[in-house]
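# Fold and contact review
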Amino acid sequence: LTTLPSWLAQTDPYRPPEDRDRFIDKSLRGISSVLGKIKESAATPRPRGSALVRLLFTLEVIVLISVSRNVSFIALGLTAQLIVLSLLPARALWRALSRGLAVGAFALVIGLPAILFSTPPRAILFTVKIFSAALAAMTFSASTPWAELTRALATLRLPGIFILTLDMAIRYLSLLGDLGLGLLTSLRLRSVGKNPDKTKALGGVAGTLFVRSRECAEESLQAMECRGFCGDYRPPREKRTKPAVSDIGLLLTCAFLAAAFFFLGKAS
Amino acid sequence: MHIPDNYLSPVTCAVLGAAMLPVWALAVKNVKKEITRERLPLLGIGAAFSFLIMMFNVPLPGGTTGHAVGGTLLAALLGPWAATIAISIALLLQALLFGDGGILSFGANCFNMAFVIPFAGYFIYKAVKDRVKSQTGELIGLGVGSYVGINLAALCAAIEFGLQPLLAHDAQGLPLYCPYPLSVSVPAMLIPHLAVAGVVELLFTVAIFAFVKKTAPETIRVAASPKTKPLFILLFALICLSPIGLLASGTAWGEWGQDEIASVSSNGNALGFVPAGMKTGINLQTLMPDYSLSGLPEAVGYILAAFAGAAILVIAFKLMSMLLSRNGVKKTES
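Residues numbered from 1 in each chain as written. Chains lettered and ligands numbered in written order. Predicted model: local features only at pLDDT ≥ 70, side-chain atom pairs only at ≥ 80, totals over all residues. Heavy atoms only, no water.

### Quick look at the packing of helix α7 (residues 146-155) of chain A against helix α8 (residues 160-190) of chain A
In helix packing, the relevant descriptors are the interaxial angle and the interaxial distance, both defined with respect to the helix axes. All names here are of chain A. Two numbers describe how α7 lies on α8: the axes approach to 10 Å, and their chain directions differ by 170°. Looking at the two axes, α7 sits roughly antiparallel to α8. Of the residues in α8, those touching α7 at Trp146, Thr150, Leu153 and Ala154 are Phe162, Ile163, Leu166, Asp167 and Ile170. When the residues that make up the contact of α7 with α8 are grouped by side-chain class, the tally is seven nonpolar, one polar and one charged. (Axes fitted to C-alpha atoms, helices over the stretch in contact; angles between N-to-C directions. Helix = DSSP H or I, 4+ residues; strand = E, 2+ residues; numbered from the N terminus. Parallel < 35°, antiparallel > 145°, perpendicular 65-115°, else oblique. Contact = heavy atoms within 4.5 Å. Nonpolar A, V, L, I, M, F, W, Y, C, P; charged D, E, K, R; others polar.)

### Section: the packing of helix α3 (residues 71-78) of chain B against helix α5 (residues 106-131) of chain B
All names here are of chain B. Interaxial distance between α3 and α5 falls to 8 Å at its minimum, and their mutual angle equals 60°. The element α3 and its partner α5 pack so that their crossing is right-handed. Between α3, through Gly71, Thr72, Ala75 and Ala76, and α5, the contact on the second element is made entirely by Ile117, Pro118, Gly121, Tyr122 and Tyr125. For the contact of α3 with α5, a count of residues per class yields six nonpolar, three polar and no charged. (Left-handed = near helix turned anticlockwise from the far one by under 90°.)

### Points about the interface of chain A and chain B
Size of an interface: often given as the accessible area lost when the parts come together. Each partner contributes to the interface: chain A provides 75 residues, whereas chain B provides 57 residues. Ranking the residues of chain A by area buried against chain B places Phe126, Phe210 and Arg214 of chain A at the top, with a combined share of 11%. Counting across the interface, chain A meets chain B through one salt bridge. Where Arg99 of chain A meets Asp100 of chain B, a salt bridge forms, and the shortest distance between an N and an O atom there is 3.3 Å. Connecting chain A to chain B are five residue pairs in polar contact (both at pLDDT 80 or more). Among the secondary structure elements, those contributing two or more residues to the side of chain A that touches chain B are α2 (22-43), α3 (51-67), α5 (90-117), α6 (123-143), α7, α8 and α9 (198-226) of chain A. Per-element accounting of the side of chain A that touches chain B gives the leading share, 20 residues, to α9 of chain A. Here the side of chain A that touches chain B is built from residues that sort into 47 nonpolar, 17 polar and eleven charged. (Buried area = accessible area lost by both parts, 1.4 Å probe. Salt bridge = Lys/Arg side-chain N within 4 Å of Asp/Glu carboxyl O. Polar contact = N/O pair within 3.5 Å; in protein donor to acceptor, adjacent residues only side chain to side chain.)

### Re the packing of aromatic side chains
All names here are of chain B. Taken as a whole and judged by the stated rule, the model has twelve aromatic pairs over all chains. Residues Trp24 and Phe106 carry aromatic rings whose centres are separated by 5.8 Å and whose planes lie at 20° to one another, so their mutual orientation is stacked. Linking Trp24 in helix α1 (residues 10-34) with Phe106 in helix α5, this pair joins segments that are 82 residues apart in sequence. Ring geometry for Phe115 and Phe119: centres 5.4 Å apart, planes at 55°, overall tilted. Taken together, the positions of Phe115 and Phe119, both in helix α5 and four residues apart, correspond to about one turn of that helix. By way of ring pairs, the aromatic residues Trp81, Phe111, Phe115, Phe119 and Phe123 are connected into one cluster. (Phe/Tyr/Trp six-rings, centres within 6.5 Å; stacked < 30°, edge-to-face > 60°.)

In structure tokens form, the structure reads like this:
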């Protein structure tokens, strides 16, 4: 019977020197959050109303509140937004509100010296307006699946090439994002010990992503041509159906806000 | 650098959005010429790539990280016009779907990140690359271009912020949008960009470009030199905007005239006298004192002065480059 040599029975004393790989973690987190949002958007149940009406409402609220200097009107606009927000499902509601609050809090920090050192503290309005605009944009985003967004833009008669590019960007964001996540994970697994050349490693990941994106472009063109693509793209538009109750409600709110803006005026 | 809504007044947003319209139109025209139908999907995929590289964090000395924009990188890989379109689409997605950057300020964000960065970066990259013909020269050009590009964009954003108290205020003179003047906004934006964000952009751009150049050089677009037309359009727009200076009360720091120097204050104390050297020194009589011409409104005077100044500079630089190239020819002949 042979026994193990003593050197083989010993514990390996190898301890890799510690290194900070925060750039990989942060990049992983960034891409994961984008992918998470894409998946969430794809899973968003199709709301009853028209995306175009929601887009018009969002743009109207953002423009009117931005132009207005009247505190009462801004309060009115914000109330209308909160009512629309309250009608969203809880998850979508939290997505919109958390982003709005984060942008608003950042604006508060930026504007704090101006708020503290001016009388009256007019800069508070600046913070409220920033919160309101971010909330409006995120309410739209959280309540509208992406495919509907491009359909709404197509209904506004934006050029086909623009819609095609936008559509493709959303799709490939998901595909290339998955690839980026895989590349970063493998870099994370292979990073044992100290890596003195982190930037080169990151250059490899992002560079591979670029080379792959060029291949994707070639492949998708071949696929498009096989399906008869000849350079002209007519995006699908929103179908005209009976207007939903939510659409009528939003359109009435739009009209009400426009009238309030007209009567309350711009000045404070 | 993504400016959310309401940091800039709607008028500023409209002006910068209008400034971007001809740039987008030219970009589409040029990309159609350069990128044939075979490469059409590249634009959308380029936009997705542009979006994703903004998610990558670059390691910095000391353990901190920062994320890059990648404008100069895209300009070098796809060409500046395609980069403008790709970054614009990425910014639109970020504004509409992720709440990153405003919807009204979309034009301003595109101006800073989709126009200034790729074009400034690309021109510097090309200028260095054409003069230092080696791979190191190419990478140095790219590094300098990306560093200058992002800092120039930060300066543009700072100027946009800093002009707000002058452009939009209420009856009591209190600002309605970004409340800080240029004296605050320029250092607040430029110091972190010069120290951190510029370095991040430089490292990121050079690392990726070197990798792609080594592993798949055929994917890098053979760059045709872009025309200088867009620069002239930008120059024209800046000339038209020059009367904005009229909104500022007082004279620029260090540009006081004899009649103003006595009232200049330091630490709350007025100077109270005119320095002797200024009294007896040369008093140059210019053709257009204070950019005004008698019989014309002040704003028209400003625009005329800006046109004249720009034309004189262009003439001077053309003559200089002609002389330099002649000397160069003589040297090579001898």
